[in-house]
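Spelled out, the chains give:
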Amino acid sequence: MTTEFSRETVKRIAELARLQVTEEEIATYQAELAKILDAFKALADLPLPEDLAGDARSAIIMAKASQNNDSENISRLRPDVINNSIQTQVFLEQAPEREGVFVRVPAILTPST
């Protein structure tokens, strides 16, 4: 089931990620990317009960339950409920720099060249 990545594919992925890679790193990444993709393929092959089929959020829980042979006690994810939230004004008062109702942060992306 091993997937193979060509040198050109690894170079293209590195280019898209804006990484500079050496020839030695390309060979290493060919193997590493193949392992990662194979791991995702193995996860995709896990059997899912009909009521969870297609529910990507349950994949990790299902994988853990399968590893533990615990098919009867598969945990369901809890609902996403907001609790212990901070008041907006309190949050803004604690921000080191702000501009009106916005928090000012340093730029992390540079324009594309």
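Note that the structure is a prediction, hence the values are computed from the model and not measured.

Draft legend 1. Layout of the overall build of the chain. The number of helices and strands found in the chain is 4 helices and 2 strands. Put simply, the chain runs from its N terminus to its C terminus through helices and strands in the order α-α-α-α-β-β. For the chain, the residues scored as buried account for 15% of the 113 residues in total. Contacts in the chain between residues far apart in sequence, at least 24 positions, make up 30% of those at least 6 positions apart. Summing over all exposed atoms, the chain offers an accessible surface of approximately 10,000 Å²; the carbon and sulfur share of this is 55%.

Draft legend 2. Quick peek at helix H2 (residues 23–44). The end-to-end C-alpha separation of H2 is 32 Å, in line with the 32 Å expected for 22 residues at 1.5 Å each. Along H2, the residues that are buried comprise Ile26, Gln30, Ala34 and Asp38. Its buried side turned inward, H2 meets helix H1 (7–16).

Draft legend 3. Representation of a nonpolar patch on the surface. A grouping of Ile86, Val90, Phe91, Val103 and Val105 is seen on the molecular surface, where their side chains present a nonpolar patch of about 410 Å² in accessible area. As for its position among the elements, Val103 is in strand E2 (residues 102–103).

Draft legend 4. Spatial organisation of the packing of H1 against H2. At a minimum axis distance of 9 Å, the contact between H1 and H2 shows a crossing angle of 95°. Taken as axis vectors, H1 and H2 run roughly perpendicular relative to one another. Each of Arg7, Val10, Lys11 and Ile13 in H1 lies in contact with H2, whose residues at this interface are Glu23, Ile26, Ala27, Tyr29, Gln30 and Leu33.

Draft legend 5. Structural detail: unusual backbone geometry. Positive phi is not limited to glycine here, since Arg18 has a value of about 60°. Along the chain, Arg18 falls in the loop between H1 and H2. For Arg18, a relative accessible area of 55% corresponds to the exposed category.

Draft legend 6. Region of interest: the confidence of the model for the chain. Per-residue confidence for the chain gives a mean pLDDT of 77, with 66% of residues at or over 70. When mean pLDDT is compared element by element in the chain, H1 scores highest at 92, while helix H3 (residues 59–67) scores lowest at 63.

Draft legend 7. Geometry of the pattern of salt bridges. Tallied over the full model, the rule gives 4 salt bridges. Salt-bridge contacts for Glu15 lead to Arg12; the nearest nitrogen and oxygen are separated by 2.9 Å. On the criterion of helical spacing, the pair formed by Glu15 and Arg12 is a turn pair, its members being 3 residues apart in helix H1. Judged by relative accessible area, which is 52%, Glu15 ranks as exposed. Residue classification places Arg12 among the partly exposed positions, given a relative accessible area of 43%.

Criteria and cut-off values
- Residues numbered from 1 in each chain as written.
- Predicted model: local features only at pLDDT ≥ 70, side-chain atom pairs only at ≥ 80, totals over all residues.
- Heavy atoms only, no water.
- Helix = DSSP H or I, 4+ residues; strand = E, 2+ residues; numbered from the N terminus.
- Buried < 20%, exposed > 50% of the residue type's maximum accessible area, 1.4 Å probe, protein only.
- Contact = heavy atoms within 4.5 Å.
- Areas by Shrake-Rupley, 256 points an atom, 1.4 Å probe, with all protein chains shown as cover.
- Expected span 1.5 Å × (residues − 1).
- Patch = residues over 30% accessible without salt bridge, like charges linked within 9 Å, V, L, I, M, F, W, Y side chains within 5 Å.
- Salt bridge = Lys/Arg side-chain N within 4 Å of Asp/Glu carboxyl O.
- Axes fitted to C-alpha atoms, helices over the stretch in contact; angles between N-to-C directions.
- Parallel < 35°, antiparallel > 145°, perpendicular 65-115°, else oblique.
- pLDDT = per-residue confidence, 0-100.

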